[in-house]
Protein chains: 2
Amino acid sequence: MIRLSKKVEYGLIAIRHIATKPAGEIVTAKEIADTYGIPYELLSKVLQKLTKSGLITSHQGMRGGYALARPPVEIPVSLIISAIEGTRQAIVQCLSEGPQTCNVFTVCTIKSPLTKVQANIERAFSTMNLSEIV
Amino acid sequence: MIRLSKKVEYGLIAIRHIATKPAGEIVTAKEIADTYGIPYELLSKVLQKLTKSGLITSHQGMRGGYALARPPVEIPVSLIISAIEGTRQAIVQCLSEGPQTCNVFTVCTIKSPLTKVQANIERAFSTMNLSEIV
DNA sequence: CAATATACGACCGTACTGGTCCAATTTCAG
DNA sequence: CTGAAATTGGACCAGTACGGTCGTATATTG
């Protein structure tokens, strides 16, 4: 039907793992990769994206790693997803990109009905926060 | 965030177009393709899938075309999507394919939390039927 | 018989995805 | 101050899915 990318899966697993630790504790990418059998380099990229969007903080150098930037309650699942996927805002191209890239934009008849479904999905992801998946 | 494929978009537009006609009226793929500027061959494939899953009926030969197989109220949007996409049942691989293909299946910690989101999304698509998007 | 329609398989280019490799940089511990 | 451990970031690659096209077979009707 609809699928989250592997990167998002890894990101969710990782940030959840961090959230299970005592607040402020620093976790390395290697630890997470080893724990779940996730490719280390790929996971690193994902964690870097989460860092750039301010959901987690990074600490370079020896004894470095990652920690949550805010309490889990303030991290909705929707933010985690959009931090990793970046683009792809809407379920139909029209809604997010408009006439430039959608060839049927002007004659499209399903845009407005689908905004309801869209809102529903967004609500599903934004009402659930990190504290609910630990 | 999450995106419906172009085929599904075309399928929704097409079946909606058929639904706007008087019940039983036959519409050709060409008419739909021309109306919305959709590639004819691609649309044909989509309509064939909708036919195979029993949502619409096809009539070959001259004066042939497609018509709804049931009243619009009995055609949930979810059926249209799964008819066209076939596979891809769940938002995370684990949920639909299990341990064979998911490398983190046994240690995955986000499966069960995400089933709630999953159910939410499915409800969003299955509670909306064709009569609501015409 | 000919025109019109669906049915179906093969094919193609592009883009994205998951994954790997490598080098640079920062930081702390000894 | 040096080296190990960690993040950062760019390049790259194989596989696959997607959107789209083409050609052909088959059915139906006028």
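Residues numbered from 1 in each chain as written. Chains lettered and ligands numbered in written order. Predicted model: local features only at pLDDT ≥ 70, side-chain atom pairs only at ≥ 80, totals over all residues. Heavy atoms only, no water.

A. Main features of the pairing of strand β1 (residues 56-59) of chain A. All names here are of chain A. Pairing between β1 and strand β2 (residues 65-68): four bridges, direction antiparallel. Bridge pairing links Ser58 to Tyr66 in β2. Count of turn residues in the β1/β2 antiparallel hairpin: five residues, of which Gly61 carries a positive phi of about 75°. (Pairing = 2+ DSSP bridges. Helix = DSSP H or I, 4+ residues; strand = E, 2+ residues; numbered from the N terminus.)

B. Fine view of the pattern of salt bridges. Under the criterion given, the structure shown has four salt bridges over all chains. The closest approach of N and O atoms between A:Asp34 and A:Lys30, which form a salt bridge, is 2.9 Å. Residue A:Asp34 and its partner A:Lys30 are located together in helix α2 (residues 29-36), separated by four residues, close to a single helical turn. The same class applies to A:Asp34 as to A:Lys30, namely exposed. For B:Lys21, the salt bridge goes to B:Glu31, with nearest N and O atoms at 3.1 Å. One end of the pair, B:Lys21, is in the loop between α1 (6-20) and α2 (29-36); the other, B:Glu31, is in helix α2, and 10 residues separate them in sequence. (Salt bridge = Lys/Arg side-chain N within 4 Å of Asp/Glu carboxyl O. Buried < 20%, exposed > 50% of the residue type's maximum accessible area, 1.4 Å probe, protein only.)

C. A look at the protein's contact with DNA strand D. Around DNA strand D, a shell composed of 26 residues is seen, among which A:Tyr40, A:Lys45, A:Ser58, B:Lys6 and B:Gln60 lie nearest. Of all DNA strand D atoms lying within 4 Å of any protein atom, the proportion belonging to sugar or phosphate reaches 69%. With respect to DNA strand D, the side chain of A:Lys45 contributes an N or O atom lying 2.8 Å from a base oxygen. Secondary-structure elements contributing two or more residues to the surface near DNA strand D are α3 (40-52), β1 and β2 of chain A together with α1 and α3 (40-52) of chain B. (Near = heavy atom within 4 Å. Polar contact = N/O pair within 3.5 Å; in protein donor to acceptor, adjacent residues only side chain to side chain.)

D. Up close: the protein's contact with DNA strand C. As a structural note, the neighbourhood of DNA strand C is formed by 25 residues, with A:Lys6, A:Gln60, B:Ala29, B:Lys45 and B:Ser58 the closest of them. Counting only atoms of DNA strand C within 4 Å of the protein, the sugar-phosphate share comes to 70%. Between a sugar or linking oxygen of DNA strand C and a side-chain N or O atom of A:Gln60, the distance comes to 2.8 Å. B:Tyr66 is positioned with one of its side-chain polar atoms (N or O) 2.9 Å from a phosphate oxygen of DNA strand C. Mapped onto the surface near DNA strand C, the elements with two or more residues apiece are α1 (6-20) and α3 of chain A together with α3, β1 (56-59) and β2 (65-68) of chain B.

E. Fine view of unusual backbone geometry. Residue and element names in this part refer to chain A. The backbone of Arg63 sits at a positive phi, close to 60°, despite the residue not being glycine. As for its position among the elements, Arg63 is in the loop between β1 and β2. On the accessibility criterion, Arg63 (79% relative accessible area) is exposed.

F. The environment of B:Leu12, seen in detail. Note on placement: B:Leu12 falls in helix α1. B:Leu12 sits 65 residues away from B:Val77 along the chain, and the two C-alpha atoms are 8.1 Å apart. If we ignore the near neighbours within four places in the chain, the residues touching B:Leu12 are A:Ile110, A:Leu114, B:Leu4, B:Val77, B:Ile80 and B:Ile133. (Contact = heavy atoms within 4.5 Å.)

G. Examining the packing of α2(B) against α3(B) more closely. Residue and element names in this part refer to chain B. Running from N to C, α2 and α3 cross one another at 125°; their axes reach a closest spacing of 9 Å. Between α2 and α3, the angle is such that the two are oblique. Handedness of the crossing formed by α2 with α3: right-handed. Where α2 abuts α3, its residues Ala29, Lys30, Ile32 and Ala33 lie against Tyr40, Leu43, Ser44 and Leu47. When its residues are assigned to classes, the contact of α2 with α3 shows six nonpolar, one polar and one charged. (Axes fitted to C-alpha atoms, helices over the stretch in contact; angles between N-to-C directions. Parallel < 35°, antiparallel > 145°, perpendicular 65-115°, else oblique. Left-handed = near helix turned anticlockwise from the far one by under 90°. Nonpolar A, V, L, I, M, F, W, Y, C, P; charged D, E, K, R; others polar.)

H. Representation of the side chain of B:Glu85 within the structure. Position of B:Glu85 among the secondary structure elements: in helix α4 (residues 77-85). Polar contacts involving the side chain of B:Glu85 include one to the side chain of B:Ser5, which spans 2.8 Å.

I. The environment of B:Ser126, seen in detail. Residue and element names in this part refer to chain B. With respect to the helices and strands, the residue Ser126 is situated in helix α6 (residues 111-126). Look past the residues within four positions of Ser126 in its chain and what remains in contact with it is Pro76 and Ser78. There is a polar contact of 2.8 Å between the side chain of Ser126 and the backbone oxygen of Glu122.

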